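For reference, the chains in residue letters:
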Amino acid sequence: MRLFFDARYIRTDFHDGISRFSHELAHALVATVPADVEITFLIHDEAQRAFLPAGSAAHMFHAPTSAKEAIAARLLNKLRPDVVYSPMQTLGSAGRKFRLILTLHDMIYYRHRTPPRNLPWVVRVGWRLFHLTYVPQRITLNGADIVATVSEESRRQFAEVNLTKREVVVVHNAPQKLAEQLPAEAAVTGGAPQNLVYMGSFMPYKNVETLVRAMAYLPGRTLHVLSRITPARRGEYEALAAPDANIVFHNGVSDAEYAALLADDGALVTMSLDEGYGLPVAEALELGVPAVITDMPIFREVAGNGALYVDPHDPKAVADAVVALDDDARRAAVIAAGQAHVARFTWERSAGVLLEAAQRLAASRG
């Protein structure tokens, strides 16, 4: 089988969600693939070669934001792939002579239509228009043979609105191993949570306001807000905070700094009102750190019993959950449950799901 993997979304500066997903899945796939499967990676930047598994074959292709994306299938036909996999859903499928697996990670942009800021303005306008109705997405996904997504909750949401008539397989997202990012002298202390860590953006649905207000009930503890933040947004949160609330705005951190803060008597906190997945939650659990999070289906899937779930509109409930983790037995039970639950999400397992789907499609070509 000749399997082409669309690696054009791998960033060469720092990973965003799609980049990390592409990078990790590519490496796991190459590590587990049988000898009769030939993998070729599609890239659009020579610098991306350094991020592929050693010795991998790569083919230079146009950028995913190019106008050529509409005729991508016709261009790929010349390379004679059996199956093409893309970690996004925008690869043009018209006129293809190969089997195709496209990925839609979640439906968050139908509920919150603000596109990624790193995209060209023309693409951002198109993004908003695309998500006004389900029709364009249905046409796009039905152009594939199989649709992949990253969670059972996303698969349920697709079915709820009849988003595609194609088979949907779950290629789970998986957490990076933050323990590998810890400085040599650092270790997970596992004590009563003194450092409450928020990793995420500041879109309105992220509801960071509840975390800020909760600090009024948590004297002596610190809320660490890790992501880059504008002065105006920071000012809004500072205006909400109680006078004695201890909140540190880091304005961006490295993976090592992120891991170290969680490891130092930390707890992951998020009161997001909506999520496509919740990777920071999975990363904290994998590290052996408890979480206090919104009670919603996707977080239940990601965290299982490895978190305390609360009403995201109730700052006092957030504070009470944090205090509940001061109990050594309760905290140990939550941590153990979280590590056991998140262990089911591995890149090796996800690569196996993708490979099995690709092999079935290749066999169906006759």
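The structure under discussion appears in the preceding block.
Residue indices follow the written sequence of each chain, beginning from 1 at its first position. pLDDT decides what is reported in this predicted model: residues at 70 or higher carry local features, side-chain atom pairs at 80 or more are listed and counted, and totals for whole chains, interfaces and linings draw on all residues regardless. As a rule here, side-chain values cover all heavy atoms of the structure and leave hydrogens and water aside.

**Here's the deal with the pairing of strand β2 (residues 38-43)**
Under the scheme applied here, a residue whose accessible area is under 20% of the maximum for its type counts as buried, over 50% as exposed, and between as partly exposed, the area being computed with a 1.4 Å probe on protein chains only. Runs of E in the DSSP output that reach at least two residues are strands. Runs of H or I that reach at least four are helices, and both are numbered from the N terminus. Taken across its 6 residues, β2 has 5 buried, putting it largely inside the fold. In terms of strand pairing, strand β1 (residues 2-6) meets β2 through 5 bridges, oriented parallel. Counterpart to Arg 2 in the pairing with β2 is Glu 38. Once you follow β1 into helix α1 (residues 17-32) and on to β2, the crossover reads as right-handed. DSSP calls a pair of strands paired once it identifies at least 2 bridges connecting them. Summarising the sheet, β2 and strand β3 (residues 57-60) pair through 4 bridges and their orientation is parallel. Across the sheet, Thr 40 pairs through a bridge with Ala 57, a residue of β3. Seen with the strands pointing away from the viewer, any crossover whose path from the first strand over the helix to the second strand runs clockwise is right-handed.

**Regarding a nonpolar patch on the surface**
Each patch groups residues whose relative accessible area exceeds 30% and which form no salt bridge, using 9 Å between like charges and 5 Å between nonpolar side chains of Val, Leu, Ile, Met, Phe, Trp and Tyr. Method for areas: the Shrake-Rupley scheme with a 1.4 Å probe, in which residue coverage is limited to the protein chains shown. By definition here, a salt bridge exists when the distance from a side-chain nitrogen of Lys or Arg to a carboxyl oxygen of Asp or Glu is within 4 Å. A surface patch of nonpolar side chains, amounting to about 540 Å² of accessible area, comprises Trp 121, Val 122, Val 125, Leu 129 and Leu 132. Within the secondary structure layout, Leu 132 lies in the loop between α4 (121-130) and α5 (135-141).

**Topic: the sheet that holds strand β13 (residues 307-310)**
Remark on secondary structure: sheet strands pair via backbone hydrogen bonds, oriented parallel or antiparallel. Reading across from one edge, β10-β9-β8-β11-β12-β13 is the order of the 6 strands in this open sheet, with parallel pairing throughout. Two strands bound the open sheet, and with one partner strand each, they are β10 (246-249) and β13. Sheet twist, expressed as the average angle between the axes of neighbouring strands with direction ignored, equals 25°. Note that strand β9 (residues 222-225) and β10 share 4 bridges and pair parallel. The partner of Val 225 across the bridge, within β10, is Phe 249. Packed on one face of the sheet, helix α9 (residues 255-263) meets β8 (195-198), β9 and β11 (266-270) and runs near 110° to β11. To define axes, lines are fitted to C-alpha atoms, for helices over the stretch in contact only, and angles between the resulting N-to-C directions are given on a 0 to 180 degree scale. In what follows, residue pairs with any heavy atoms lying within 4.5 Å of each other are defined as contacts.

**Structural notes on helix α6 (residues 152-160)**
The complete set of buried residues in α6 reads Glu 153, Ser 154, Gln 157 and Phe 158. Along α6, the residues classed as buried sweep out an arc of 145° about the axis, all on the same side. Summarising the contacts, the buried residues of α6 are in contact with α3 (108-111), β6 (146-149), β7 (167-170) and α11 (297-303). Just beyond α6, the residue with positive phi is Asn 162, at close to 50°. Here the arc refers to the directions that run from the helix axis out to each C-beta atom.

**Some details on the side chain of His 23**
Along the chain, His 23 falls in helix α1. Contacts of His 23, omitting those with residues within four sequence positions, involve Ile 10, His 15 and Phe 51.

**Considerations on the nonpolar core**
Of all hydrophobic cores here, the largest spans 60 residues; its most connected members are Phe 5, Leu 25, Tyr 85, Ile 101 and Leu 262. Among the elements that line this core, the one with the most residues is helix α14 (residues 347-364), at 8 residues. Other than its neighbours up to four places away in sequence, Ile 101 contacts Val 83, Val 84, Tyr 85, Ser 86, Ile 146, Ala 148, Leu 354, Ala 357, Ala 358 and Leu 361. Think of a nonpolar core as a cluster: buried Ala, Val, Leu, Ile, Met, Phe, Trp, Tyr and Cys residues, connected wherever their side-chain atoms sit within 4.5 Å. Within the second largest apolar cluster, 30 residues are counted, among which are Leu 196, Leu 218, Ala 241 and Leu 308.

**Notes on the sheet that holds β7**
Judged by pairing direction, the sheet is parallel, and its 7 strands sit side by side in the order β3-β2-β1-β4-β5-β6-β7 without closing on themselves. Looking along the sheet, the strands with just one partner apiece sit at the ends: β3 and β7. Neighbour-to-neighbour, the strand axes of the sheet open up by a mean angle of 25°, direction not taken into account. Together, β6 and β7 form the strand contacts of α6, whose direction differs from that of β7 by roughly 165°.

**Remarks on the packing of aromatic side chains**
Stacked, tilted and edge-to-face are the three classes applied to pairs of Phe, Tyr and Trp rings, where Trp contributes its six-membered ring and a pair requires centres within 6.5 Å; stacked means planes under 30 degrees apart, edge-to-face means over 60, and tilted covers the rest. Per the counting criterion, the structure on display carries 7 aromatic pairs. The interplanar angle of 50° and the centroid separation of 5.0 Å between the aromatic rings of Tyr 110 and Tyr 134 together place this pair among those described as tilted. On the criterion of sequence distance, the pair formed by Tyr 110 in helix α3 and Tyr 134 in the loop between α4 and α5 is long-range, its members being 24 residues apart. Centroid distance Phe 202 to Tyr 237: 5.9 Å. Interplanar angle 55°. Geometry classified as tilted. With Phe 202 in the loop between β8 and α7 (208-214) and Tyr 237 in helix α8 (residues 231-240), the pair connects residues that are 35 residues apart, well separated along the chain. With relative accessibility at 11%, the residue Phe 202 sits in the buried group. Through pairs of rings, three or more aromatic residues link up here, namely Tyr 198, Phe 202, Tyr 237 and Phe 249. The criterion for a charge sitting over a ring is simple: Lys NZ or Arg CZ within 6 Å of the ring centre, and within 35 degrees of the ring normal. Over the ring of Phe 14 we find Arg 11, and its NZ or CZ is 4.1 Å from the ring centre. Geometry around Tyr 309 places Arg 300 over its ring, the cationic atom sitting 3.7 Å from the centre.

Shape descriptors only; they carry no functional weight alone.
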